[in-house]
Amino acid sequence: MTERIYNFSAGPAALPLPVLEQAQKDLISLGDTGIGVLEHSHRSKAFLAVYEEAEALVRELASVPDNYKVLFLQGGASSQFFMIPMNLLKKDQTADYLVTGSWSKKAVKEARSFGNVNVACSSEDKNFSYIPEEVSLSENPAYVHFTSNNTIYGTEFATEPTVPAGVPLICDASSDIFSRPLDITKYGIVYAGAQKNLGPSGVTLVIIRDDLIEQGPTDIPTMLQYRTHSEAGSMYNTPPTFGIYVLGQVLKWLKDQGGLAAIQEQNQAKAGKLYDYLEQSNLFKATAAKQDRSLMNVTFVTGDADLDAQFISKATAAGLDGLKGHRSVGGMRASIYNAFPEAGVDKLIEMMSQFEQEHAS
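Thresholds applied
- Residues numbered from 1 in each chain as written.
- Predicted model: local features only at pLDDT ≥ 70, side-chain atom pairs only at ≥ 80, totals over all residues.
- Heavy atoms only, no water.
- Core = buried A, V, L, I, M, F, W, Y, C linked by side-chain atoms within 4.5 Å.
- Buried < 20%, exposed > 50% of the residue type's maximum accessible area, 1.4 Å probe, protein only.
- Contact = heavy atoms within 4.5 Å.
- Helix = DSSP H or I, 4+ residues; strand = E, 2+ residues; numbered from the N terminus.
- Pairing = 2+ DSSP bridges.
- Lys, Arg positive; Asp, Glu negative; His and termini not counted.
- Salt bridge = Lys/Arg side-chain N within 4 Å of Asp/Glu carboxyl O.
- Polar contact = N/O pair within 3.5 Å; in protein donor to acceptor, adjacent residues only side chain to side chain.
- Expected span 1.5 Å × (residues − 1).
- Axes fitted to C-alpha atoms, helices over the stretch in contact; angles between N-to-C directions.
- Patch = residues over 30% accessible without salt bridge, like charges linked within 9 Å, V, L, I, M, F, W, Y side chains within 5 Å.
- Areas by Shrake-Rupley, 256 points an atom, 1.4 Å probe, with all protein chains shown as cover.

Engineer: When you look at the nonpolar core in this model, what are you seeing that I'm missing?
Structural biologist: The nonpolar side chains of soluble globular proteins are, as a tendency, buried together. By size, the foremost hydrophobic cluster in this structure holds 51 residues, and its most contacted members are Val-58, Phe-72, Phe-178, Leu-198, Leu-247 and Leu-251. In this structure Val-58 touches Ser-63, Val-64, Val-70, Phe-72, Phe-178, Leu-205, Ile-207, Leu-247 and Leu-251, once residues within four positions along its chain are discounted. Membership of the second largest hydrophobic core comes to 28 residues, among which are Phe-81, Val-117, Ile-152 and Val-206.

Engineer: Sorry, what's going on with the pairing of strand β12 (residues 297-301) here?
Structural biologist: A regular strand places its side chains on the two faces of the sheet in alternate fashion. Across the five residues of β12, five count as buried, placing the element largely inside the fold. Residues Asn-297, Thr-299 and Val-301 line one face of β12 and the alternating positions Val-298 and Phe-300 line the opposite face, and both faces are buried. One ladder, built from two bridges, connects strand β11 (residues 285-286) with β12; its direction is antiparallel. Bridge pairing links Lys-285 to Val-301 in β12. Bridge count for β12 against strand β14 (residues 332-335) is four bridges, and the pairing is antiparallel. Among the inter-strand pairings, Val-298 is bridged to a residue of β14, identified as Ala-334.

Engineer: Would you mind going over the side chain of Asp-292 with me for this structure?
Structural biologist: Within the secondary structure, Asp-292 sits in the loop between β11 and β12. Comment: no salt bridge for buried Asp-292; closest opposite-charge side chain is Arg-293, at 8.9 Å. Here the side chain of Asp-292 touches Ile-131 through a polar contact of 2.9 Å, landing on its backbone nitrogen. For Asp-292, the residues in contact, after removing those within four places along its chain, are Tyr-130, Ile-131, Gly-154, Thr-155 and Glu-156.

Engineer: What is the right way to look at the pattern of salt bridges in this model?
Structural biologist: Side-chain pairing between opposite charges can occur once the charged atoms of the two side chains come close. Applying the stated criterion across every chain, the model contains 14 salt bridges. Glu-55 is the salt-bridge partner of Arg-59, the closest N and O atoms lying 3.1 Å from each other. Of the two residues, Arg-59 and Glu-55 both sit in helix α2 (residues 45-62), four residues apart, roughly one turn of that helix. Measuring nitrogen to oxygen at the nearest pair gives 2.6 Å for the salt bridge that ties Arg-209 to Asp-211.

Engineer: What is the right way to read helix α7 (residues 241-256) from this model?
Structural biologist: Three or four residues apart is the spacing at which side chains of an α-helix point the same way, because the helix has 3.6 residues per turn. Taking 1.5 Å of rise per residue, 16 residues should cover 22 Å, and α7 covers 23 Å from first to last C-alpha, within 8% of that figure. The element α7 is extensively covered by neighbouring structure, given that twelve of its 16 residues are classed as buried. Along α7, the positions that sit buried rather than exposed are Thr-241, Gly-243, Ile-244, Tyr-245, Val-246, Leu-247, Gly-248, Gln-249, Val-250, Leu-251, Trp-253 and Leu-254. As for α7, its buried residues are in contact with α1 (17-28), α2, β2 (68-73) and α8 (260-280). Downstream of α7 by one or two residues, Gly-258 has phi in the positive range, about 115°.

Engineer: For this particular structure, what's the right way to read the sheet that holds strand β10 (residues 204-209)?
Structural biologist: Pairing between the strands of a sheet is mediated by backbone hydrogen bonds and can be parallel or antiparallel. Spatially, β2-β10-β9-β8-β5-β3-β4 is the arrangement adopted by the seven strands of the open sheet, whose pairing is mixed. Of all strands in the sheet, those bounded by a partner on one side alone are β2 and β4 (116-122). Strand-to-strand twist across the sheet, computed as the mean angle between neighbouring axes with direction ignored, equals 15°. Bridge analysis of strand β3 (residues 94-99) against β4 gives six bridges, and the strand direction is parallel. Residue pairing for β4: Asp-96 is matched across the bridge by Asn-118. Each of β2 and β10 touches α2; the most contacted strand, β2, lies at about 130° to it.

Engineer: Would you mind going over the environment of Val-250 with me for this structure?
Structural biologist: One can find Val-250 in helix α7. Those residues in contact with Val-250, other than ones at most four positions away along the chain, are Leu-15, Pro-16, Val-19, Asn-197, Leu-198 and Gly-199.

Engineer: Please clarify how a nonpolar patch on the surface should be interpreted in this entry.
Structural biologist: Side chains of Leu-27, Ile-28 and Leu-38 sit close together on the surface and give an oily, nonpolar patch of about 300 Å² of accessible area. One can find Ile-28 in helix α1. In this structure Ile-28 comes out as exposed when scored by relative accessible area, which is 64%.

Engineer: How should the sheet that holds β11 be read in this particular structure?
Structural biologist: Taken in spatial order, the three strands of this open sheet run β11-β12-β14, and their pairing is antiparallel. Here the strands that pair on one side only, and so sit at the sheet edges, are β11 and β14. Where α8 meets the sheet, its contacts fall on β11, β12 and β14, and the angle it forms with β12 comes to roughly 15°.

Engineer: Is there a simple way to explain the environment of Ala-343 in this structure?
Structural biologist: Looking at where Ala-343 falls in the secondary structure, it is placed in helix α10 (residues 342-358). Here Ala-343 falls in the partly exposed class, since its relative accessible area comes to 39%. When the C-alpha positions of Ala-343 and Tyr-6 are compared, they lie 8.9 Å apart, and in sequence the two are 337 residues distant.

Geometric values such as these leave the question of function open.
Here it is, written out as C-alpha coordinates:
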(Lines give C-alpha, C1' and ligand atoms only; values in the text may rest on other atoms or scores of the structure.)
Protein backbone atom coordinates (compact mmCIF):
# COMPACT_ATOMS: atom_id res chain seq x y z
CA MET A 1 0.00 0.00 0.00
CA THR A 2 1.29 3.45 -0.92
CA GLU A 3 2.32 5.46 2.11
CA ARG A 4 0.06 8.45 2.73
CA ILE A 5 1.66 11.89 2.69
CA TYR A 6 0.64 15.20 4.25
CA ASN A 7 -2.03 16.84 2.10
CA PHE A 8 -2.16 20.63 2.53
CA SER A 9 -4.61 21.04 -0.37
CA ALA A 10 -7.21 23.79 -0.04
CA GLY A 11 -9.93 21.46 -1.32
CA PRO A 12 -10.82 18.76 -1.97
CA ALA A 13 -8.82 18.30 1.18
CA ALA A 14 -7.65 15.80 3.75
CA LEU A 15 -10.23 13.40 5.19
CA PRO A 16 -9.88 11.48 8.45
CA LEU A 17 -8.12 8.17 7.87
CA PRO A 18 -10.73 6.19 9.86
CA VAL A 19 -13.42 7.59 7.53
CA LEU A 20 -11.50 6.48 4.44
CA GLU A 21 -10.97 3.03 5.92
CA GLN A 22 -14.66 2.63 6.73
CA ALA A 23 -15.65 3.88 3.28
CA GLN A 24 -13.28 1.33 1.75
CA LYS A 25 -15.23 -1.45 3.49
CA ASP A 26 -18.65 0.02 2.70
CA LEU A 27 -17.81 0.34 -0.99
CA ILE A 28 -18.06 -3.46 -1.16
CA SER A 29 -20.97 -3.90 1.22
CA LEU A 30 -22.76 -1.26 3.26
CA GLY A 31 -22.99 -3.04 6.58
CA ASP A 32 -24.31 -6.54 5.97
CA THR A 33 -26.49 -5.58 2.99
CA GLY A 34 -24.27 -7.23 0.39
CA ILE A 35 -24.57 -4.08 -1.73
CA GLY A 36 -21.94 -1.34 -1.84
CA VAL A 37 -22.79 2.18 -0.72
CA LEU A 38 -22.33 3.47 -4.28
CA GLU A 39 -24.91 0.97 -5.54
CA HIS A 40 -27.78 1.50 -3.11
CA SER A 41 -30.93 3.23 -4.27
CA HIS A 42 -31.47 6.53 -2.53
CA ARG A 43 -34.94 5.21 -1.64
CA SER A 44 -33.62 2.04 -0.01
CA LYS A 45 -33.92 1.46 3.72
CA ALA A 46 -30.14 1.14 3.97
CA PHE A 47 -29.43 4.50 2.40
CA LEU A 48 -32.30 6.26 4.18
CA ALA A 49 -30.66 5.20 7.45
CA VAL A 50 -27.39 6.76 6.24
CA TYR A 51 -29.19 9.95 5.28
CA GLU A 52 -31.12 10.22 8.54
CA GLU A 53 -27.96 9.67 10.60
CA ALA A 54 -26.11 12.38 8.66
CA GLU A 55 -28.92 14.88 9.23
CA ALA A 56 -29.19 13.95 12.91
CA LEU A 57 -25.45 14.49 13.39
CA VAL A 58 -25.59 17.92 11.72
CA ARG A 59 -28.38 18.86 14.11
CA GLU A 60 -26.62 17.43 17.14
CA LEU A 61 -23.17 18.90 16.52
CA ALA A 62 -24.44 22.39 15.67
CA SER A 63 -27.53 22.34 17.93
CA VAL A 64 -29.74 23.10 14.93
CA PRO A 65 -33.22 24.17 16.14
CA ASP A 66 -36.40 22.50 14.89
CA ASN A 67 -37.38 25.56 12.82
CA TYR A 68 -34.41 25.03 10.49
CA LYS A 69 -34.13 22.50 7.69
CA VAL A 70 -30.95 20.61 6.89
CA LEU A 71 -30.60 20.15 3.14
CA PHE A 72 -28.05 18.18 1.14
CA LEU A 73 -27.87 19.79 -2.30
CA GLN A 74 -25.65 19.80 -5.37
CA GLY A 75 -23.95 22.50 -7.41
CA GLY A 76 -21.46 23.55 -4.76
CA ALA A 77 -21.51 26.77 -2.78
CA SER A 78 -21.32 28.60 -6.11
CA SER A 79 -24.91 27.57 -6.91
CA GLN A 80 -26.00 29.13 -3.64
CA PHE A 81 -24.60 32.44 -4.91
CA PHE A 82 -27.59 32.71 -7.27
CA MET A 83 -30.08 30.47 -5.47
CA ILE A 84 -30.11 32.71 -2.39
CA PRO A 85 -30.97 35.99 -4.17
CA MET A 86 -33.31 34.14 -6.53
CA ASN A 87 -35.33 33.04 -3.49
CA LEU A 88 -34.85 35.97 -1.10
CA LEU A 89 -34.18 39.16 -3.09
CA LYS A 90 -36.87 41.07 -4.97
CA LYS A 91 -36.05 43.55 -7.74
CA ASP A 92 -36.96 46.53 -5.54
CA GLN A 93 -34.94 45.29 -2.55
CA THR A 94 -31.31 45.60 -1.56
CA ALA A 95 -29.05 42.88 -0.19
CA ASP A 96 -25.87 43.73 1.73
CA TYR A 97 -22.65 41.87 1.00
CA LEU A 98 -19.40 41.95 2.97
CA VAL A 99 -16.67 41.49 0.39
CA THR A 100 -13.54 39.89 1.84
CA GLY A 101 -12.29 37.72 -1.00
CA SER A 102 -12.80 36.20 -4.42
CA TRP A 103 -15.78 34.07 -3.45
CA SER A 104 -17.75 36.92 -1.92
CA LYS A 105 -17.05 38.95 -5.07
CA LYS A 106 -18.54 36.13 -7.12
CA ALA A 107 -21.56 36.03 -4.82
CA VAL A 108 -22.10 39.77 -5.40
CA LYS A 109 -21.95 39.31 -9.16
CA GLU A 110 -24.67 36.66 -9.08
CA ALA A 111 -26.91 38.63 -6.71
CA ARG A 112 -26.91 41.68 -8.99
CA SER A 113 -28.96 39.70 -11.51
CA PHE A 114 -31.89 39.62 -9.08
CA GLY A 115 -31.92 42.93 -7.19
CA ASN A 116 -29.84 45.75 -5.76
CA VAL A 117 -26.58 44.98 -3.99
CA ASN A 118 -24.88 47.16 -1.41
CA VAL A 119 -21.22 46.33 -0.81
CA ALA A 120 -21.25 47.02 2.90
CA CYS A 121 -17.47 46.70 3.20
CA SER A 122 -14.51 45.51 1.20
CA SER A 123 -10.89 44.65 1.91
CA GLU A 124 -9.88 44.57 -1.74
CA ASP A 125 -7.78 47.72 -1.23
CA LYS A 126 -5.14 45.56 0.49
CA ASN A 127 -5.63 42.40 -1.57
CA PHE A 128 -8.12 41.01 0.95
CA SER A 129 -5.46 40.63 3.63
CA TYR A 130 -7.75 41.75 6.46
CA ILE A 131 -11.37 41.77 7.67
CA PRO A 132 -12.85 45.31 7.63
CA GLU A 133 -13.97 46.71 10.95
CA GLU A 134 -16.29 49.31 9.46
CA VAL A 135 -19.46 47.93 7.87
CA SER A 136 -22.05 50.22 6.26
CA LEU A 137 -25.33 48.36 6.03
CA SER A 138 -28.21 49.68 3.96
CA GLU A 139 -31.35 50.95 5.65
CA ASN A 140 -33.52 47.86 5.28
CA PRO A 141 -31.60 45.01 3.62
CA ALA A 142 -33.35 41.85 2.50
CA TYR A 143 -30.43 39.99 4.03
CA VAL A 144 -26.74 40.38 4.91
CA HIS A 145 -24.27 37.94 3.35
CA PHE A 146 -20.67 37.21 4.36
CA THR A 147 -17.99 34.58 3.81
CA SER A 148 -16.71 33.42 7.18
CA ASN A 149 -13.30 32.16 6.02
CA ASN A 150 -11.38 33.26 2.96
CA THR A 151 -9.51 30.24 1.65
CA ILE A 152 -7.35 32.10 -0.85
CA TYR A 153 -6.25 34.98 1.36
CA GLY A 154 -6.03 33.29 4.76
CA THR A 155 -8.44 35.52 6.68
CA GLU A 156 -11.38 34.60 8.89
CA PHE A 157 -14.15 36.39 10.77
CA ALA A 158 -13.54 35.92 14.49
CA THR A 159 -17.27 36.35 15.12
CA GLU A 160 -20.31 36.84 12.92
CA PRO A 161 -21.18 40.41 11.85
CA THR A 162 -23.85 42.25 13.80
CA VAL A 163 -27.07 42.82 11.86
CA PRO A 164 -30.33 44.61 12.76
CA ALA A 165 -33.06 42.54 14.40
CA GLY A 166 -35.17 40.74 11.84
CA VAL A 167 -32.57 40.88 9.05
CA PRO A 168 -31.43 37.40 7.99
CA LEU A 169 -27.68 36.81 8.25
CA ILE A 170 -26.43 34.46 5.56
CA CYS A 171 -23.03 32.80 5.69
CA ASP A 172 -20.91 30.99 3.14
CA ALA A 173 -19.01 28.80 5.61
CA SER A 174 -17.48 26.49 3.02
CA SER A 175 -13.96 26.48 4.41
CA ASP A 176 -14.49 26.68 8.16
CA ILE A 177 -17.86 25.09 8.88
CA PHE A 178 -17.81 22.87 11.97
CA SER A 179 -14.26 23.95 12.79
CA ARG A 180 -15.57 25.74 15.89
CA PRO A 181 -18.85 26.15 17.79
CA LEU A 182 -21.65 27.68 15.73
CA ASP A 183 -24.78 29.43 17.01
CA ILE A 184 -27.25 28.66 14.23
CA THR A 185 -29.92 30.87 15.79
CA LYS A 186 -27.94 33.95 14.69
CA TYR A 187 -28.31 32.96 11.05
CA GLY A 188 -30.99 32.68 8.43
CA ILE A 189 -28.86 30.42 6.23
CA VAL A 190 -25.50 28.74 6.65
CA TYR A 191 -24.18 26.88 3.63
CA ALA A 192 -20.99 25.10 2.68
CA GLY A 193 -19.46 23.00 -0.03
CA ALA A 194 -18.39 19.78 1.66
CA GLN A 195 -14.93 19.37 0.19
CA LYS A 196 -12.92 21.15 2.88
CA ASN A 197 -14.22 20.17 6.33
CA LEU A 198 -17.23 17.94 5.72
CA GLY A 199 -16.43 15.32 3.10
CA PRO A 200 -15.83 14.91 -0.63
CA SER A 201 -16.76 17.33 -3.38
CA GLY A 202 -20.24 16.98 -4.83
CA VAL A 203 -22.51 17.70 -1.87
CA THR A 204 -23.48 21.07 -0.42
CA LEU A 205 -24.84 21.44 3.09
CA VAL A 206 -27.52 24.12 3.53
CA ILE A 207 -29.02 24.91 6.94
CA ILE A 208 -31.96 27.24 6.38
CA ARG A 209 -34.68 28.74 8.58
CA ASP A 210 -38.23 27.68 7.74
CA ASP A 211 -39.62 31.18 7.14
CA LEU A 212 -36.98 31.86 4.50
CA ILE A 213 -37.98 28.70 2.67
CA GLU A 214 -41.62 29.78 2.61
CA GLN A 215 -41.02 33.33 1.43
CA GLY A 216 -39.34 32.22 -1.78
CA PRO A 217 -41.23 32.72 -5.05
CA THR A 218 -43.01 29.83 -6.77
CA ASP A 219 -42.46 31.03 -10.33
CA ILE A 220 -38.76 30.15 -10.52
CA PRO A 221 -37.44 26.75 -11.69
CA THR A 222 -38.56 23.95 -9.42
CA MET A 223 -35.04 22.72 -8.67
CA LEU A 224 -34.00 26.23 -7.58
CA GLN A 225 -36.70 26.61 -4.92
CA TYR A 226 -35.66 25.74 -1.38
CA ARG A 227 -39.20 24.51 -0.70
CA THR A 228 -38.74 21.80 -3.32
CA HIS A 229 -35.82 20.26 -1.48
CA SER A 230 -37.32 20.88 1.94
CA GLU A 231 -40.60 19.16 1.09
CA ALA A 232 -38.82 16.23 -0.56
CA GLY A 233 -36.20 15.76 2.16
CA SER A 234 -33.40 16.60 -0.29
CA MET A 235 -34.63 13.79 -2.55
CA TYR A 236 -36.64 15.59 -5.22
CA ASN A 237 -34.09 14.09 -7.58
CA THR A 238 -31.33 11.59 -6.88
CA PRO A 239 -29.11 13.18 -4.23
CA PRO A 240 -25.31 12.81 -4.07
CA THR A 241 -25.57 9.59 -2.10
CA PHE A 242 -21.88 8.83 -1.66
CA GLY A 243 -21.12 12.41 -0.65
CA ILE A 244 -23.86 12.27 1.99
CA TYR A 245 -22.52 8.93 3.24
CA VAL A 246 -18.96 10.25 3.64
CA LEU A 247 -20.24 13.47 5.20
CA GLY A 248 -22.05 11.37 7.79
CA GLN A 249 -18.90 9.39 8.50
CA VAL A 250 -16.90 12.61 8.93
CA LEU A 251 -19.50 13.93 11.36
CA LYS A 252 -19.30 10.69 13.38
CA TRP A 253 -15.53 11.15 13.51
CA LEU A 254 -16.00 14.75 14.57
CA LYS A 255 -18.36 13.68 17.35
CA ASP A 256 -15.76 11.15 18.49
CA GLN A 257 -13.22 14.00 18.71
CA GLY A 258 -15.46 15.68 21.27
CA GLY A 259 -17.56 17.92 19.02
CA LEU A 260 -17.09 21.47 17.85
CA ALA A 261 -15.55 22.92 21.01
CA ALA A 262 -12.93 20.16 21.11
CA ILE A 263 -12.09 20.45 17.42
CA GLN A 264 -11.71 24.21 17.84
CA GLU A 265 -9.03 23.58 20.48
CA GLN A 266 -7.21 21.24 18.12
CA ASN A 267 -7.41 23.76 15.28
CA GLN A 268 -6.15 26.58 17.48
CA ALA A 269 -3.22 24.43 18.58
CA LYS A 270 -2.27 23.50 15.02
CA ALA A 271 -2.56 27.00 13.60
CA GLY A 272 -0.97 28.54 16.69
CA LYS A 273 2.20 26.51 16.20
CA LEU A 274 2.54 27.63 12.59
CA TYR A 275 1.76 31.29 13.24
CA ASP A 276 4.18 31.33 16.18
CA TYR A 277 6.91 30.12 13.89
CA LEU A 278 6.04 32.72 11.26
CA GLU A 279 6.16 35.48 13.87
CA GLN A 280 9.76 34.71 14.78
CA SER A 281 10.99 33.74 11.31
CA ASN A 282 13.43 36.00 9.45
CA LEU A 283 12.51 34.45 6.10
CA PHE A 284 8.84 33.45 6.07
CA LYS A 285 6.10 36.01 6.71
CA ALA A 286 2.34 35.61 7.09
CA THR A 287 0.32 37.60 4.55
CA ALA A 288 -2.90 38.09 6.55
CA ALA A 289 -3.40 40.75 9.22
CA LYS A 290 -2.55 39.24 12.60
CA GLN A 291 -5.97 39.84 14.16
CA ASP A 292 -7.79 38.27 11.20
CA ARG A 293 -5.71 35.18 10.50
CA SER A 294 -7.51 32.01 9.54
CA LEU A 295 -7.22 28.80 11.54
CA MET A 296 -7.92 26.85 8.36
CA ASN A 297 -5.70 28.41 5.68
CA VAL A 298 -2.30 29.80 6.66
CA THR A 299 -0.83 31.95 3.86
CA PHE A 300 2.82 32.98 3.89
CA VAL A 301 5.65 34.12 1.61
CA THR A 302 9.40 34.63 1.64
CA GLY A 303 9.15 37.79 -0.45
CA ASP A 304 11.10 36.15 -3.26
CA ALA A 305 9.10 34.16 -5.82
CA ASP A 306 12.11 32.01 -6.73
CA LEU A 307 12.69 31.09 -3.09
CA ASP A 308 9.00 30.31 -2.70
CA ALA A 309 9.20 27.94 -5.66
CA GLN A 310 12.31 26.28 -4.25
CA PHE A 311 10.67 25.72 -0.89
CA ILE A 312 7.49 24.30 -2.44
CA SER A 313 9.53 21.92 -4.58
CA LYS A 314 11.59 20.74 -1.62
CA ALA A 315 8.52 20.32 0.59
CA THR A 316 6.69 18.35 -2.08
CA ALA A 317 9.65 16.02 -2.48
CA ALA A 318 9.57 15.44 1.29
CA GLY A 319 5.90 14.41 1.26
CA LEU A 320 4.26 17.78 2.01
CA ASP A 321 1.89 18.29 -0.90
CA GLY A 322 -0.44 21.13 -1.92
CA LEU A 323 1.49 24.04 -0.41
CA LYS A 324 1.58 26.28 -3.48
CA GLY A 325 -0.37 29.46 -2.77
CA HIS A 326 -3.15 30.77 -4.96
CA ARG A 327 -1.92 33.03 -7.76
CA SER A 328 -3.78 35.97 -6.16
CA VAL A 329 -1.41 35.86 -3.19
CA GLY A 330 1.51 33.76 -4.34
CA GLY A 331 3.89 32.10 -1.94
CA MET A 332 2.59 29.23 0.15
CA ARG A 333 -0.74 28.20 1.66
CA ALA A 334 -1.05 25.51 4.30
CA SER A 335 -4.66 24.35 4.54
CA ILE A 336 -5.03 22.63 7.89
CA TYR A 337 -8.69 21.74 8.16
CA ASN A 338 -10.23 19.59 10.90
CA ALA A 339 -8.87 16.31 9.56
CA PHE A 340 -5.32 17.54 8.98
CA PRO A 341 -3.00 15.97 11.57
CA GLU A 342 -0.89 18.07 13.92
CA ALA A 343 2.12 15.97 12.99
CA GLY A 344 1.90 17.44 9.49
CA VAL A 345 2.16 20.96 10.92
CA ASP A 346 5.19 19.88 12.94
CA LYS A 347 6.81 18.46 9.81
CA LEU A 348 6.12 21.68 7.88
CA ILE A 349 7.71 23.82 10.61
CA GLU A 350 10.71 21.51 10.63
CA MET A 351 11.06 21.93 6.85
CA MET A 352 10.69 25.70 7.07
CA SER A 353 13.30 25.95 9.81
CA GLN A 354 15.73 23.84 7.85
CA PHE A 355 15.12 25.85 4.67
CA GLU A 356 15.58 29.11 6.56
CA GLN A 357 18.92 27.96 7.97
CA GLU A 358 20.09 26.98 4.50
CA HIS A 359 19.22 30.42 3.15
CA ALA A 360 20.33 32.57 6.08
CA SER A 361 22.13 35.66 4.81
